[in-house]
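Residue strings, one per chain:
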Amino acid sequence: MFVRVQKEDFSLKLVEERFSEYTKLQGAKIGAIVTFTGLVREFQHTSEDQEEVQALILEHYPGMTESVLEQIAQTAIKKWQLNDMLIIHRVGTLFPTDNIVLVAAASAHRQDAFDACQYAMDILKTSAPFWKKEQTNKGERWVDAKSSDYNAAGQWITQDLQEN
Amino acid sequence: MITVLFFAKYRELLGTEQLQLEAESFSSVRDIAQHLSQQGSEWHSIFEQANTMVAVNQKMAKLDSPIQDGDELAFFPPVTGG
């Protein structure tokens with residue numbers, strides 16, 4: 001498991017290095033690697049007011065953020081019997097096209113790796129203490145939480161309750 | 001002493017990043033929320049919101065969660081990372 005919160009950019013090379021290290025130590029157990037990358041995109045609030053997002057400022061709760069991400073990775077590794085999982089999330093000022101978040105899962109079979117990445121992102125969105133503030137040509141504003149994100153995370157909890 | 005932290009929109013609204021409270025008068029998160037909500041209209045507005053999140057010692061908590069001397073509390077709006 002590898003979890004990091006950082007200002008610096010990241011590269012997908014890290015995923016390759018991390019999982020090939022696993023193979024060196026554990027043998028050729030990995031059959032599938034799924035990676036998810038979240039990026040800052042261009043965004044206009046409404047076409048009328050021309051309010052355009054120029055940058056995002058990512059704030060976090062140092063210490064708690066890392067432990068929530070570790071908890072997410074540990075849960076995913078156990079739930080899908082993953083070989084390994086990696087989560088990197090950036091903080092600070094980010095601009096359109098910049099990377100924000102990277103989640104990667106390695107497992108014997110592809111479905112587990114797909115599901116684990118989806119799970120990690122859904123839970124991260126609603127429980128990891130990060131907050132986004134938009135800088136637009138009209139000023140600054142904190143981003144509101146989306147109910148669709150809470151519904152997505154809620155489905156995993158419902159599924160867990162049904163399984164247990 | 002109990003340390004109370006505020007993040008993001010709440011930190012800006014209150015103009016406060018961190019404060020310390022004497023531990024004796026509080027036994028739960030609810031006690032602290034009640035005390036702080038009497039400090040002015042901005043303070044009141046935060047604790048009135050149903051979706052305000054709270055952590056005790058960096059773990060998600062509830063209004064009923066117990067607190068003791070040395071604990072670190074944090075109040076923050078719903079998270080928006082990813």
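As a reminder, the structure under discussion sits directly above these lines.
Residues numbered from 1 in each chain as written. Chains lettered and ligands numbered in written order. Predicted model: local features only at pLDDT ≥ 70, side-chain atom pairs only at ≥ 80, totals over all residues.

**Here's the deal with the interface of chain B and chain A**
So, step 1. Of the residues lining the interface, 13 residues belong to chain B; the matching set on chain A comes to 21 residues.
So, step 2. Of all the secondary structure elements, the ones that give two or more residues to the side of chain B that touches chain A are helix H1 (8-14) and strand S5 (72-76) of chain B.
So, step 3. Looking at the side of chain B that touches chain A residue by residue, the class counts come to 8 nonpolar, 4 polar and 1 charged. (Contact = placed C-beta atoms within 7 Å. Helix = DSSP H or I, 4+ residues; strand = E, 2+ residues; numbered from the N terminus. Nonpolar A, V, L, I, M, F, W, Y, C, P; charged D, E, K, R; others polar.)

**Topic: the sheet that holds strand S3 (residues 53-56) of chain B**
Residues and elements named next belong to chain B.
So, step 1. Read across the sheet, 5 strands follow the order S2-S1-S5-S3-S4 without closing on themselves; strand pairing throughout is mixed. The strands lining the two open edges of the sheet, one partner per strand, are strand S2 (18-21) and strand S4 (59-61). The average undirected angle you get between the axes of adjacent strands in this sheet is 30°.
So, step 2. As paired strands, S3 and S5 are joined by 4 bridges and run antiparallel to one another. Within the sheet, the bridge partner assigned to Val56 lies in S5 and is Leu73. (Pairing = 2+ DSSP bridges. Axes fitted to C-alpha atoms, helices over the stretch in contact; angles between N-to-C directions.)

**Section: the nonpolar core**
So, step 1. One finds A:Ala76, A:Ala116 and A:Ala120 to be the most contacted residues of the largest nonpolar core, which totals 52 residues.
So, step 2. Those residues in contact with A:Ala76, other than ones at most four positions away along the chain, are A:Leu82, A:Met85, A:Ala105, A:Ala116, A:Tyr119 and A:Ala120. (Core = buried A, V, L, I, M, F, W, Y, C linked by C-beta atoms within 7 Å. Buried ≥ 20, exposed ≤ 12 C-beta atoms within 10 Å, placed from the backbone.)

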